[in-house]
Amino acid sequence: MPVDPQLRNLDIEIPTQPEVLVKLSLLMAEEDIDLQAMSALVEKDMALAAAVMKAVNSSLYGLRGRVQTVHQALTYLGMREVAAITFEMGLRAAFPAATELENVWTRASQRGLLMGRMGQMLGVDPWAAHSAGLFEECGKAVLYRHAPTHYPAMLRAATRDAELVELERTAFGVSHDALGAALCESWGLAPAAVASVRHHVEVQSSLTMPESLTRRSVSAISTIAWALLLHPDQLDEVASQIAPQAQLDETLVLRAARRVSEQLEAAKEHGR
């Protein structure tokens, strides 16, 4: 998909989607997904396959016994979670390694997994939810690559993302939520994922979805995940305000959020 011309005029480069992820997207779009083809595709890229295996065997997934191949990972975790890990590793590889971005990638892993599983429990497209979680903060990596000497100071100065976007707009004429959405579009993510990334800062800071946001379920799950990971004491309040705006049942949303949170905590305990 084309990048917004206004962003192109800012001379901030949106990285292109790696070829392996283009092919993986095509496989994911098929009605009957060929798991053998998917595992073969990932295993062809040795660096990517190694990164995927490292992630699969981390405490985040809590698997019993060490997974040796991508096909094994697909068997134990399922197609969506392995595809999401592959997308995460491809996304990270598109940007320079930087200590300042490690927290961004750690949150991406946790949030993507949480949102994907919540989506599955709530009948919301789990692939769109998972990918939205992975890509939510990717605009920060875009700006870091664009201004590596100046952007880290902004990351340190802002206590909330709502403050950060104001600093970004002043310095660059664009904010990381808009850049993240542009990257999602150019990499062919689902419209619901793009919309969630585009509006996540606004919705999280105000707990109000803008009228222009028509695809709301993934955005709602994003906001619940944000509360669960960063403000767990506010989870009930956030759910009571956000769920009705996306026509989701508040009780079911809270149940899904807590169940997935328990799953992830149990996985971490098992991995220790």
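Above this note sits the structure.
The structure reproduced in this document is the subject of the present report. Just so you know, these numbers come straight off a predicted model, no measurement behind them. (Residues numbered from 1 in each chain as written. Predicted model: local features only at pLDDT ≥ 70, side-chain atom pairs only at ≥ 80, totals over all residues. Heavy atoms only, no water.)

### Quick look at the pattern of salt bridges
Pairs can form between side chains of opposite charge whenever their charged atoms are close. One pass over the full model with this rule turns up 14 salt bridges. When the shortest N-O distance is used, the salt bridge between Lys-140 and Glu-137 registers 2.6 Å. Residue Lys-140 shares its accessibility class with Glu-137, and that shared class is buried. Across the pair Glu-163 and Arg-160 runs a salt bridge, and its minimum N-O distance is 3.8 Å. Judged by relative accessible area, which is 30%, Glu-163 ranks as partly exposed. On the basis of relative accessibility, which here comes to 46%, the residue Arg-160 falls in the partly exposed class. A cluster of three or more residues bridged by salt bridges with shared partners is formed by Arg-107, Arg-111, Glu-136, Glu-137, Lys-140 and Asp-161. (Salt bridge = Lys/Arg side-chain N within 4 Å of Asp/Glu carboxyl O. Buried < 20%, exposed > 50% of the residue type's maximum accessible area, 1.4 Å probe, protein only.)

### Some words on the nonpolar core
Formed by 96 residues in total, the largest nonpolar core has its most connected members in Met-118, Phe-135 and Leu-183. Top contributing element to this core by residue count: helix 14 (residues 217-230), with eight residues. The residues contacting Phe-135, other than those within four sequence positions of it, are Phe-87, Leu-91, Leu-183, Cys-184, Trp-187, Leu-189 and Val-197. (Core = buried A, V, L, I, M, F, W, Y, C linked by side-chain atoms within 4.5 Å. Helix = DSSP H or I, 4+ residues; strand = E, 2+ residues; numbered from the N terminus. Contact = heavy atoms within 4.5 Å.)

### Here's the deal with helix 15 (residues 235-242)
Within helix 15, burial applies to Leu-235, Val-238, Ala-239 and Ile-242. The arc that holds the buried residues of helix 15, viewed along the axis, is 100 degrees, so those residues lie on one side. (Arc of directions from axis to C-beta.)

### Regarding a negative patch on the surface
The grouping of Glu-30, Glu-31, Asp-32 and Asp-34 at the surface amounts to a negative patch. Of note, Glu-30 is situated in the loop between helix 2 (19-29) and helix 3 (35-44). (Patch = residues over 30% accessible without salt bridge, like charges linked within 9 Å, V, L, I, M, F, W, Y side chains within 5 Å. Areas by Shrake-Rupley, 256 points an atom, 1.4 Å probe, with all protein chains shown as cover. Lys, Arg positive; Asp, Glu negative; His and termini not counted. Charge placed at Lys NZ, Arg CZ, Asp CG, Glu CD.)

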